[in-house]
Every structure is written in C-alpha cells, then in structure tokens.
Amino acid sequence: MTTPAPIRGYTASKDQLLARLRRVEGQVRGVEKMVDENRYCIDVLTQISAVQAALDKVALGLLDGHARHCLHEGAAEGRADEMATEMMAAVGRLLKRG
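Residues numbered from 1 in each chain as written. Predicted model: local features only at pLDDT ≥ 70, side-chain atom pairs only at ≥ 80, totals over all residues. Heavy atoms only, no water.

In terms of regular secondary structure, the protein chain is built from three helices and zero strands. If you list the helices and strands of the protein chain from N to C, you get α-α-α. Over its C-alpha atoms the protein chain spans a radius of gyration of 18 Å, topping by over 25% the 13 Å that the globule rule assigns to 98 residues. Along the first, second and third principal axes, the C-alpha atoms of the protein chain reach 55 × 35 × 20 Å. Burial statistics for the protein chain: of 98 residues in total, 18% are counted as buried. Put simply, 56% of the contacts in the protein chain that link residues at least 6 apart link residues at least 24 apart. Of the accessible surface of the protein chain, which amounts to about 7700 Å², a share of 57% is contributed by carbon and sulfur atoms. Each charge class in the protein chain can be summarised by its mean position, and for the 14 positive and 13 negative side chains these summaries are 3 Å apart. (Helix = DSSP H or I, 4+ residues; strand = E, 2+ residues; numbered from the N terminus. Rg over C-alpha atoms; globule rule 2.2 N^0.38 Å. Buried < 20%, exposed > 50% of the residue type's maximum accessible area, 1.4 Å probe, protein only. Contact = heavy atoms within 4.5 Å. Areas by Shrake-Rupley, 256 points an atom, 1.4 Å probe, with all protein chains shown as cover. Lys, Arg positive; Asp, Glu negative; His and termini not counted. Charge placed at Lys NZ, Arg CZ, Asp CG, Glu CD.)

The terminal C-alpha atoms of helix H2 (residues 41-76), which comprises 36 residues, lie 51 Å apart, in line with the 52 Å expected from a rise of 1.5 Å per residue. Maximum bend of H2: about 35°, positioned at histidine 66. Restricting attention to buried positions, one finds in H2 the residues Val44, Val51, Ala54, Val58, Ala59, Leu63, Gly65, His66, Cys70, Leu71 and Gly74. Residue glycine 78 follows H2 closely and has a positive phi angle near 80°. (Expected span 1.5 Å × (residues − 1). Bend = angle between axes of the 7 residues up to and from the residue.)

What follows deals with the confidence of the model for the protein chain. Do not read the predicted coordinates in detail wherever pLDDT is low. Considering every residue of the protein chain, the mean pLDDT works out to 90; 98% of them sit at 70 or more. By mean pLDDT, helix H3 (residues 80-95) is the weakest element of the protein chain at 91, and helix H1 (residues 14-36) is the strongest at 96. (pLDDT = per-residue confidence, 0-100.)

Quick look at the environment of glutamine 47 now. Among the structural elements, glutamine 47 can be located in helix H2. Overall, glutamine 47 belongs to the partly exposed group, its relative accessible area being 33%. C-alpha of glutamine 47 to C-alpha of glutamine 27: the two residues are 20 residues apart in sequence and 7.6 Å apart in space.

What follows is the structure in structure tokens.
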C-alpha cells in the first residue's frame, strides 16, 4: 500500500504553479530559439528578464504557501523559530543573484 503524498503549503495552488512553470519552460525554449537564430542581444536579454520575473512569481507563490501553511504547522509543533530560520535562508538564496 502506498502512503499518500504529504500536504505542502502550495498544494492549494499547485495547478497554478504548474501552469506558470510550463509557461516559463516555453519562454526558455523561446530564448534558446532566439540565440539559435542570432537575434539582437538586447532582445534576448529582455526575454531572459521576463523568464526571471516569471520564476520570481513562482518562488513568491511557494513562499506564500510556506508562510501560510508550513510555518503555521511548525509553530503548532513548537518549531516556529526553526521554520522561520529555514524560510529566511531560502529567501536569502533567492535574493542572491549574479
């Protein structure tokens, strides 16, 4: 017998997150095609910026779910500080770019 998948903070918005990720995947393929076609550098960079913004929205959705579900659950288990530290480390990693 298989055990059911755990409920995550993003479970309620999973379909939206997956749809957004599929759009990002298409955008990345578009950037690849632009490079293959030797498109103007600034146009490629503009599309890369759009991909990054789309991924940021996915990340924010995941953080929102984590804050509303996982932190709440962790606090009920007496692990609020641990969960907050974990989330802030994840936020720190998201903010570190290039």
